[in-house]
Amino acid sequence: YTSGIELTPENSFHDKLGHKKVTVVGCGQVGMAIAYSMLNQTTAGTIALVDMNKDKLEGEAKDLEQGSAFHQHVRILASDEYSVSQGSHLVIVTAGAAQKPGESRLNLLDRNVGIMKNIIPQVLAFSPNAAICIVANPVDIMTAVAAKIAGPSIAPGRIFGSGTCLDSSRLRSLIAKKLDLDTAAVTGYVIGEHGDSSVPVWSSVRVGGVPLLKFGQEPTALHDAIHKEVVMSAYDVIQKKGYTNWAVGLTSSFIANAVVDNTRHIMPVSTCVRGLYGIEEDIFTSMPCTVGSTGVQRVINLPLTDSEQSKLKQSTLTLWEMQKGIWN
Ligand code: 6V0
């Protein structure tokens, strides 16, 4: 009996989404949560995985492929060589040391700068036109480092960080839970550093389109407690399970969908904010931005109350202390 179907590597893939390709560099807890989330959302026809731990990588790729009967066809490629990432539309970088229990994101700086120096030139060599989304922490600083390594020939906005997209999701979900509503009914932003000095923009929070506070009205102790929970939630999750991954996986696949489908959705991500709110330095931090195929395309000039502006100033000063050495 011959079926007439030859099993060759060339025809065993029917590449439905053909030309869309996303690479994830760093396939630990976060990288794999991003890959799994993108797989379930059919974000791209090809997902390439790069990690220096070859055995783990092969195991992860095999494990994902073996569920292929239950999701839309997506080609999974994996290698410790960057050639596998060739021609990507988006490269997501999570490679780096993760926070240990009780460790702040800023402590990771030295360890992760070296890793970024190794990764970015190789990513650009194989995907010179890709948007690059940095997820590794401390994400605002790592994004500035990546932009510096890439140099001025890379258009501003092409390298950006996942920033406070996750913090904003945490804020919205906590408010929704308090009001017993779907998270989608709550909109609003956390801006500034992804981390301890993040700024909840209470004046931007709307529930079903209705502002939670009048513009200029000061947040109460209850609002402050919700923001504290946002800031502490990563520490809490890391204390309890050793790492965070699912929420950042969903956040990153949301960002990936915006790039791959050029949606120009507005979301808070980390980008250079020089010129906004009196900021005169090349500080990378989060503001609501339109995100599309070329990365960050526009930064939204969000109205801020006086106290929000002064909190943002504090947050950017904290970041500039760490970032200024990068530009010298
Ligand atoms: P992990 O599970 O230790 O995975 C890191 C992976 O990176 C490992 O598989 C390593 O082998 C790999 N790696 C390290 N160096 C290189 C290199 N030079 N080239 C290729 N691969 C390399 O860490 P986890 O996945 O938990 O965290 C990854 C990063 O994401 C950390 O910096 C976290 O702090 C950060 N997070 C960022 C979040 C955000 O919202 N931006 C949220 C959660 C974690």
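Residues numbered from 1 in each chain as written. Predicted model: local features only at pLDDT ≥ 70, side-chain atom pairs only at ≥ 80, totals over all residues. Heavy atoms only, no water.

### Some remarks on the site of the ligand
- Close to the ligand lie 26 residues; Val-30, Asp-51, Ala-97, Val-135 and Asn-137 are nearest.
- One of the backbone N or O atoms of Val-30 is found 2.8 Å from an oxygen atom in the ligand.
- Contact between the ligand and Val-135: a nitrogen atom at 2.9 Å from a main-chain N or O atom of the residue.
- Notes on the ligand: free accessible area 870 Å², of which the protein chains cover 86%.
- Because more than half of its atoms lie within 2 Å of the grid, the ligand is assigned to the largest pocket.
- Of all the secondary structure elements, the ones that give two or more residues to the shell around the ligand are helix H1 (29-40) and helix H3 (109-126).
- Residue composition of the shell around the ligand, by class: 13 nonpolar, twelve polar and one charged. (Near = heavy atom within 4 Å. Polar contact = N/O pair within 3.5 Å; in protein donor to acceptor, adjacent residues only side chain to side chain. Areas by Shrake-Rupley, 256 points an atom, 1.4 Å probe, with all protein chains shown as cover. 1 Å grid on protein atoms, 1.4 Å probe; cavity = no way out; pocket = protein on both sides within 12 Å on 5 of 7 lines; lining within 4 Å. Sits in = over half its atoms within 2 Å of the grid points. Helix = DSSP H or I, 4+ residues; strand = E, 2+ residues; numbered from the N terminus. Nonpolar A, V, L, I, M, F, W, Y, C, P; charged D, E, K, R; others polar.)

### Some words on empty space enclosed by the protein
- One pass over the structure, following the stated rule, counts one cavity of 30 Å³ or more.
- Put simply, the largest cavity is a space of about 40 Å³.
- Trp-202, Ser-203, Leu-213, Lys-214, Gly-216, Gln-217, Glu-218, Pro-219, Thr-305, Ser-307 and Glu-308 are the residues that line the largest cavity.
- When grouped by side-chain class, the residues that make up the lining of the largest cavity number three nonpolar, five polar and three charged. (Points joined across faces, edges and corners; volume = space filled by probe spheres on them.)

### Considerations on the packing of H3 against helix H4 (residues 139-150)
- Contact geometry for H3 and H4: axes closest at 9 Å, N-to-C directions at 40 degrees. As judged from the angle between their axes, H3 and H4 are oblique. Between H3 and H4 the crossing geometry is right-handed. Contact residues: Leu-109, Asn-112, Val-113, Met-116, Lys-117, Ile-120, Pro-121 and Leu-124 in H3; Ile-141, Met-142, Val-145, Ala-146, Ile-149 and Ala-150 in H4. (Axes fitted to C-alpha atoms, helices over the stretch in contact; angles between N-to-C directions. Parallel < 35°, antiparallel > 145°, perpendicular 65-115°, else oblique. Left-handed = near helix turned anticlockwise from the far one by under 90°. Contact = heavy atoms within 4.5 Å.)

### Concerning helix H7 (residues 246-260)
- Along its 15 residues, H7 runs 21 Å from first to last C-alpha, staying within 8% of the 21 Å computed at 1.5 Å per residue.
- Along H7, eleven of the 15 residues are buried, which leaves the element largely enclosed by surrounding structure.
- For H7, the complete set of buried residues consists of Val-248, Gly-249, Thr-251, Ser-252, Ser-253, Ile-255, Ala-256, Asn-257, Ala-258, Val-259 and Val-260.
- One or two positions beyond H7, positive phi appears at Asn-262, with a value near 50 degrees. (Expected span 1.5 Å × (residues − 1). Buried < 20%, exposed > 50% of the residue type's maximum accessible area, 1.4 Å probe, protein only.)

### Description of the environment of Pro-156
- Looking at where Pro-156 falls in the secondary structure, it is placed in the loop between H4 and strand S6 (159-161).
- Distance in space between the C-alpha atoms of Pro-156 and Thr-294 is 9.4 Å, their sequence separation being 138 residues.

### Comments concerning the pairing of strand S4 (residues 90-93)
- Residue alternation in S4 divides its side chains into two sets, Leu-90 and Ile-92 and Val-91 and Val-93, and both sets are buried.
- Of the pairings in the sheet, the one linking strand S1 (residues 21-25) to S4 comprises four bridges and is parallel in character. Along S4, the bridge assignment pairs Val-24 with Ile-92.
- Across four bridges, the pairing between S4 and strand S5 (residues 131-134) is parallel. Bridged to Val-91 within S5 is Ile-132. (Pairing = 2+ DSSP bridges.)

### Quick look at the nonpolar core
- Residues Val-25, Met-116, Ile-120, Ile-132, Ile-134 and Ile-191 are the most contacted members of the largest nonpolar core, which totals 44 residues.
- The element best represented in this core is H4, accounting for eight residues.
- Leaving out residues up to four positions away in the same chain, Val-25 has contacts with Val-50, Tyr-82, Val-91, Ile-92, Val-93, Thr-94, Ala-95, Ile-119 and Val-123.
- In terms of nonpolar packing, the next biggest core, distinct from the first, is built from 35 residues, Val-22, Leu-49, Ile-76 and Ile-92 among them. (Core = buried A, V, L, I, M, F, W, Y, C linked by side-chain atoms within 4.5 Å.)

### Structural notes on H1
- Along its twelve residues, H1 runs 17 Å from first to last C-alpha, staying within 8% of the 16 Å computed at 1.5 Å per residue.
- The secondary structure elements touched by the buried residues of H1 are S1, strand S2 (46-50), helix H2 (54-65), strand S3 (75-79), S4 and H7.
- Just past H1, the residue Thr-42 takes up positive phi, approximately 45 degrees.

### Quick word on the layout of surface pockets
- Each pocket or cavity is described by its volume, and for the largest pocket that value is around 840 Å³.
- Lining the largest pocket are 40 residues, with Thr-94, Ala-95, Gly-96, Ala-97 and Ala-98 sitting closest to its centre.
- When contributions to the lining of the largest pocket are tallied by element, the ones reaching two or more residues are H1, H3, helix H5 (165-179) and helix H6 (221-241).
- When residues of the lining of the largest pocket are assigned to their parent elements, the largest contribution, four residues, is made by H3.
- Of the residues contributing to the lining of the largest pocket, the split by class is 19 nonpolar, 16 polar and five charged.

### Side note on unusual backbone geometry
- Going from Asn-137 to Pro-138, the amide bond is cis rather than trans, its omega being -5 degrees.
- Its identity as a non-glycine residue notwithstanding, Tyr-277 has a phi of 50 degrees, on the positive side.
- Take Tyr-277: it is sitting in the loop between strand S10 (265-272) and strand S11 (284-292).

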